[in-house]
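# Architecture at a glance
Residues per chain are reported as follows:
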Amino acid sequence: MRIAVFASGSGSNFQAVLEACVSGIIKGEVCQVVCDKPGAYVETRAERAGVPLFSFSPSDYESKKAFETELVALLKEQQVDLIVLAGYMRLIGPVLLGAFEGRIMNIHPSLLPSFPGLRAVEQAVDAGVKVTGVTVHLVDEGMDTGPILAQKPVTIEPEDTYETTAAKIHRIEHSLYPETIEAWRKTAEERESTWQNEHS
Ligand code: GRF
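Residues numbered from 1 in each chain as written. Predicted model: local features only at pLDDT ≥ 70, side-chain atom pairs only at ≥ 80, totals over all residues.

### Brief notes about the nonpolar core
Our working definition: Nonpolar cores are built from buried Ala, Val, Leu, Ile, Met, Phe, Trp, Tyr and Cys residues. These are joined into a set through C-beta atoms within 7 Å. Around each residue's C-beta, the other C-beta atoms within 10 Å are counted; 20 or more make the residue buried, 12 or fewer make it exposed, and counts in between make it partly exposed. All C-beta atoms are placed from the backbone. Where helices and strands are cited, they refer to DSSP runs of H or I of at least four residues and of E of at least two residues respectively, numbered from the N terminus. A residue pair is marked as a contact if its C-beta atoms, positioned from the backbone, fall within 7 Å.
V5, V17, V84 and A86 are the most contacted members of the largest nonpolar core, which has 49 residues in total. It is helix 1 (residues 12–23) that provides the largest number of residues to this core, a total of 6 residues. With residues near it in sequence (within four places) discarded, V84 still touches I3, V5, V17, M105 and I181.

### What about the site of the ligand?
So the rule is basically this: As used in this record, a residue near a molecule or strand is one whose C-beta atom, placed from the backbone, is within 6 Å of it. Classification used: nonpolar for Ala, Val, Leu, Ile, Met, Phe, Trp, Tyr, Cys and Pro, charged for Asp, Glu, Lys and Arg, polar for all others including Gly.
Contacts to the ligand come from A7, G9, S10, G11, S12, N13, A86, G87, I107, H108, P109 and E173. For the shell around the ligand, the secondary structure elements donating two or more residues are helix 1 and strand 5 (104–108). Looking at the shell around the ligand residue by residue, the classes come out as 4 nonpolar, 7 polar and 1 charged.

### Notes on the UniProt feature "binding site: (6R)-10-formyltetrahydrofolate" (unreviewed entry) in the protein
The cut-off we apply is this: UniProt positions are given in the numbering used here, feature names are shortened, and annotations may be inferred rather than shown by experiment.
The feature "binding site: (6R)-10-formyltetrahydrofolate" (unreviewed entry), as given by UniProt, occupies K64, M89, R90, L91, I92 and N106 in the numbering adopted here. In this fold, R90 is placed in the loop between strand 4 (82–85) and helix 4 (94–99). Assessed through the 13 C-beta atoms surrounding it within 10 Å, R90 is described here as partly exposed. Within the secondary structure, I92 is located in the loop between strand 4 and helix 4. Residue class for I92 comes out buried when judged on the 22 C-beta atoms lying within 10 Å of it.

### Regarding unusual backbone geometry
Of note, the amide linkage connecting L112 to P113 takes the cis form, showing an omega dihedral of 10 degrees. With respect to the element layout, P113 can be found in the loop between strand 5 and helix 5 (120–127). Not every positive phi belongs to a glycine, and F115 is a case in point at roughly 55 degrees. With respect to the helices and strands, F115 occurs in the loop between strand 5 and helix 5. Given 24 C-beta atoms within a 10 Å radius, F115 is considered buried. Phi at D144 takes a positive value of approximately 60 degrees, unusual for a residue other than glycine. Relative to the elements of secondary structure, D144 occurs in the loop between strand 6 (131–138) and strand 7 (148–155).

Here it is in structure tokens:
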């Protein structure tokens with residue numbers, strides 16, 4: 001399975017997915033990183049790991065349609081099977097969604113549908129909830145909507161801050177994302193072989 005990771009920030013989830021591919025937890029490889037924030041640390045991680053990087057500024061394009069059309073061409077050329085969003089701070093538009101239907105995954109630092117959108121960890125701490133968590137879901141046109149694939153809870157203790165809660169969440173993310181990607185791959189493979197059998 002060929003994976004493209006989209007990120008806008010530090011890229012610790014990119015790193016976790018990459019390492020899971022190298023160690024065989026995911027039967028696949030990260031063949032492309034896409035970053036919409038030139039200079040973000042994920043770019044350094046990609047370069048160090050020798051993973052092809054496409055770095056772009058959306059403001060250099062006249063529309064989302066224009067840069068997504070270029071991205072689709074690149075991803076098709078790279079024969080990408082799955083797009084993994086890892087802190088990509090941008091809604092996916094119809095061009096990418098149409099080209100990779102059911103093949104775009106996102107990770108969000110809350111138990112969706114609670115606390116969608118930006119600053120989800122802060123939203124949960126501010127709300128005073130005792131349990132938040134991590135959600136992996138397929139991407140649709142909404143913000144942090146789409147079918148949920150996996151969730152794990154994280155407790156917020158009275159002494160926890162934004163930072164300590166975020167650190168707990170990141171720890172969970174780094175194992176949950178690879179596990180969910182591999183589970184998705186297996187299901188897709190099974191679906192494909194059932195289809196082949198039924199049509200042979
Ligand atoms: C993660 O917390 C993820 O849930 C959210 O963005 C953050 C990205 O972190 N979508 P990193 O850049 O992978 O370290």
